[in-house]
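The lines below spell out each chain.
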Amino acid sequence: MEALTAVKVLLIVTSHSQFGSTGEKTGFWLEELAAPYEQFVKAGAQVDIASPLGGKAPVDPRSEKESTEDTRAFLADAEATKKLANTQVLAQVKDTYDAYFVVGGHGVMWDLSQHAPTHQLLSSGYARGAVVAAVCHGPAALVGVKGPDGKPLVAGKRVAGFSNAEEQAAKFDAIVPFPLETRLRELGARYESGPLWKSFTVRDGRLVTGQNPASSAATAREVLKVLAEKKQQAPAPKG
């Protein structure tokens with residue numbers, strides 16, 4: 001794939017670290033940050049990380065135990081870990097990115113699902129022509145995002161996200177503030193899913209979503225395809 005050196009991608013992570021009232025820790029899922037980060041950096045994109053509170057974002061401790069090639073590469077990358085320790089404050093993100101990618105993890109269900117600055121950023125980005133993407137619980141951040149027509153961005157669009165069956169299998173269905181699949185359907189999304197825990201990614205125009213942690217790299221690769229298409233369609237600069 002052609003290098004996307006002039007492309008800027010913003011990875012959005014949760015700042016929420018409490019699992020409801022259980023006393024358990026949650027946050028973002030490491031694989032869902034690491035795999036897209038590696039894909040985007042390898043493609044030559046500039047990658048930044050932002051969260052509602054800024055600063056160090058909380059990682060779900062369970063995800064740290066599931067070591068993969070991507071998580072090891074991310075944790076060994078000094079620049080990547082520095083960005084994660086110093087995330088930008090979402091409400092202060094003024095830059096115009098080519099793509100916005102919401103990383104999953106249960107924390108998203110509590111903060112990004114209700115975080116107006118994130119919803120405004122994604123709404124204006126999409127209206128401007130940027131790619132909007134999310135994986136696993138990341139699509140919870142899309143529930144407050146409006147499309148250019150004022151309707152929910154997901155309305156009428158093919159969308160994936162953590163399924164009700166997966167939430168039940170993980171035994172968190174009674175803890176999360178709402179079932180993500182159900183909420184997406186209520187907003188008019190054409191929700192789709194594949195087998196539990198297997199990679200499944202859906203693209204609808206400039207909206208790209210993945211079902212679960214296993215979908216992280218594939219969702220990022222789909223975003224890169226959209227960006228490459230956009231680059232090819234862009235008018236050549238006048239000499």
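Residues numbered from 1 in each chain as written. Predicted model: local features only at pLDDT ≥ 70, side-chain atom pairs only at ≥ 80, totals over all residues. Heavy atoms only, no water.

The name an unreviewed UniProt entry gives the chain is Type 1 glutamine amidotransferase domain-containing protein, with Corallococcus macrosporus as the organism.

Enquirer: I'd love a proper account of the overall build of the chain, names of residues and values included.
Expert: Scanning the chain from N- to C-terminus turns up nine helices and nine strands. Whereas a compact globule of 239 residues would reach a radius of gyration of roughly 18 Å, the chain reaches 16 Å, a difference of no more than 12%. With respect to the principal axes defined by its C-alpha atoms, the chain has extents near 60 × 40 × 35 Å. Within the span of the chain, comprising 239 residues, buried residues form 54% of the whole. The contacts of the chain with a sequence gap of at least 6 include a subset with a gap of at least 24, amounting to 78%. Split by element, the accessible area of the chain, about 10,400 Å² in all, is 51% carbon and sulfur. One way to put it: in the chain the 27 positive side-chain charges average out to a point 5 Å from where the 26 negative ones average out. (Helix = DSSP H or I, 4+ residues; strand = E, 2+ residues; numbered from the N terminus. Rg over C-alpha atoms; globule rule 2.2 N^0.38 Å. Buried < 20%, exposed > 50% of the residue type's maximum accessible area, 1.4 Å probe, protein only. Contact = heavy atoms within 4.5 Å. Areas by Shrake-Rupley, 256 points an atom, 1.4 Å probe, with all protein chains shown as cover. Lys, Arg positive; Asp, Glu negative; His and termini not counted. Charge placed at Lys NZ, Arg CZ, Asp CG, Glu CD.)

Enquirer: Which residues make up the sheet that holds strand 3 (residues 88–89), and what values do they have?
Expert: The sheet built from seven strands is open, its strands ordered 3-2-1-4-5-9-8 with mixed pairing. Across the chains shown, the open sheet's two edge strands, defined by having one partner strand only, are strand 3 and strand 8 (201–204). As paired strands, strand 2 (residues 46–51) and strand 3 are joined by two bridges and run parallel to one another. Bridged to Ala50 within strand 3 is Gln88. Against the sheet, helix 1 (residues 30–42) contacts strand 1 (8–12), strand 2, strand 4 (99–102) and strand 5 (131–135), and its axis sits at roughly 175 degrees relative to strand 1. (Pairing = 2+ DSSP bridges. Axes fitted to C-alpha atoms, helices over the stretch in contact; angles between N-to-C directions.)

Enquirer: Any chance you could break down the UniProt feature "domain: DJ-1/PfpI" (unreviewed entry) in the chain for me, citing the residues and the numbers?
Expert: Annotation from UniProt places "domain: DJ-1/PfpI" (unreviewed entry) at residues 31–225. Taken end to end, residues 31–225 is 36% helix and 15% strand, and its two terminal C-alpha atoms sit 21 Å from one another. (UniProt positions renumbered as here; feature names shortened; annotations may be inferred.)

Enquirer: Could you give me a rundown of the packing of helix 1 against helix 9 (residues 216–233), with the residues and numbers involved?
Expert: The interhelical angle for the contact between helix 1 and helix 9, taken along N-to-C directions, is 35 degrees, at an axis separation of 8 Å. Where helix 1 crosses over helix 9, the two elements pack in a sense that is right-handed. Facing Glu31, Glu32, Ala35, Pro36, Gln39 and Phe40 of helix 1, the residues of helix 9 in contact are Ser216, Ala217, Ala220, Arg221, Val223 and Leu224. Class assignment for the residues of the contact of helix 1 with helix 9 results in seven nonpolar, two polar and three charged. (Left-handed = near helix turned anticlockwise from the far one by under 90°. Nonpolar A, V, L, I, M, F, W, Y, C, P; charged D, E, K, R; others polar.)

Enquirer: Outline the nonpolar core, supporting the account with residue identities and numerical values.
Expert: Generally speaking, soluble globular proteins have nonpolar side chains that are buried together. Formed by 67 residues in total, the largest nonpolar core has its most connected members in Leu10, Leu11, Ile12, Leu33, Phe40, Phe101 and Val223. Discounting residues that sit within four places of it in the chain, Phe40 has contacts with Val9, Leu11, Ala45, Val47, Phe101, Ala220, Val223 and Leu224. (Core = buried A, V, L, I, M, F, W, Y, C linked by side-chain atoms within 4.5 Å.)

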